[in-house]
Amino acid sequence: MDGIPPDELADFARWRERVRGTNISEKTLLATDYLNHFNEIVMLIEMIPDMPDMLEECRIWQPKSYAEHFRDSGFSDKELAIEAYGHVPSKFLRPFEDTIAQAHQVIAHTLERIGTDIDSGDPDKLRMDCQTSVAMIHRIIQVANGIIHGTAHVMEQGEIDLYLQNG
């Protein structure tokens, strides 16, 4: 409850009770299942150095909002997850949404960079760029996972910008 604005406390306490016993974090009202959406694209990117045609599969992947992911998922408490999202305290919601925006930005840049690598015909550069990109996306997923579990730390935008400029 530390750092939660007073005007959000009562609502947060009610929602903590509602999500108790589910796969939704009582600490934040967020669910890690959302991160599966990002794990899908990571797995596809990891395949590209050995199967460059997987880039087309990657391009089919589209960012999904939290609610879109749960609407399309088989998550047992998906309706509760969607509803609870509207009650996530700002202490967690802002950094979570910022982190997800960073993930979307990095993934879009990655797909563009990988497409250029494939067109240039340099398999070593393709492999290196895929590995570097996957490592960056994994870091962002770890940050998002931490936020979901109650740690409000985010990656510095400067770190993301540096990655984007070096590609």
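Not measured: the values here are computed from a predicted model.

A. Seen up close, the nonpolar core. Counting 48 residues, the largest nonpolar core has Leu30, Phe38, Ile45, Ile48, Cys58, Tyr66 and Phe96 as its most contacted members. If one sorts the elements of this core by residue count, helix α7 (residues 123–148) sits on top with 11 residues. Here Tyr66 is in contact with Leu29, Leu30, Ala31, Tyr34, Ala81, Tyr85 and Phe96, once residues within four sequence places are set aside.

B. Region of interest: the pattern of salt bridges. This model, assessed by the stated rule, comprises 10 salt bridges. Across the pair Arg20 and Glu26 runs a salt bridge, and its minimum N-O distance is 3.0 Å. Here Lys64 makes a salt bridge to Asp72, at a shortest N to O gap of 3.0 Å. What makes Lys64 partly exposed here is its relative accessible area of 25%. One salt-bridge network, held together by shared partners, links Arg113, Asp117, Lys125 and Asp129.

C. Summary view of α7. Its 26 residues give α7 an end-to-end C-alpha distance of 37 Å, which sits within 8% of 38 Å, the value for a rise of 1.5 Å per residue. At the N-terminal end of α7, a side-chain oxygen is found 3.2 Å from the backbone nitrogen of Asp124, two or three residues along, and the residue is Asp122. With its phi angle positive at about 105°, Gly150 sits one or two positions after the end of α7.

Calculation rules
- The residue count restarts for each chain, going from 1 along the sequence in the order it is written.
- Reporting of local features is limited, given that this is a predicted model, to residues whose pLDDT is at least 70; pairs of side-chain atoms are given and counted only at 80 or more, and all residues count toward the totals for whole chains, interfaces and linings.
- Water and hydrogen atoms play no part in the side-chain values, which are based on all heavy atoms of the structure.
- Grouping buried Ala, Val, Leu, Ile, Met, Phe, Trp, Tyr and Cys residues that are joined through side-chain atoms within 4.5 Å yields what is termed a nonpolar core.
- The cut-offs for exposure are 20% and 50% of the maximum accessible area for each residue type, with area from a 1.4 Å probe on protein chains only; residues under the lower value are buried, those over the upper are exposed, and the others partly exposed.
- By definition, any uninterrupted DSSP run of H or I lasting at least four residues is a helix, any uninterrupted run of E lasting at least two residues is a strand, and each is numbered from the N terminus.
- Residue contacts are defined here by distance: any two heavy atoms, one from each residue, within 4.5 Å place the two residues in contact.
- Any Lys or Arg side-chain nitrogen found within 4 Å of a carboxyl oxygen on Asp or Glu counts as a salt bridge.
- In this analysis, the expected span of each helix is defined as 1.5 Å times one less than the number of residues it contains.
- Counted as a polar contact is a pair of N or O atoms within 3.5 Å, where, for protein atoms, one must be capable of donating a hydrogen and the other of accepting one, and residues adjacent in sequence contribute only when both atoms are in side chains.

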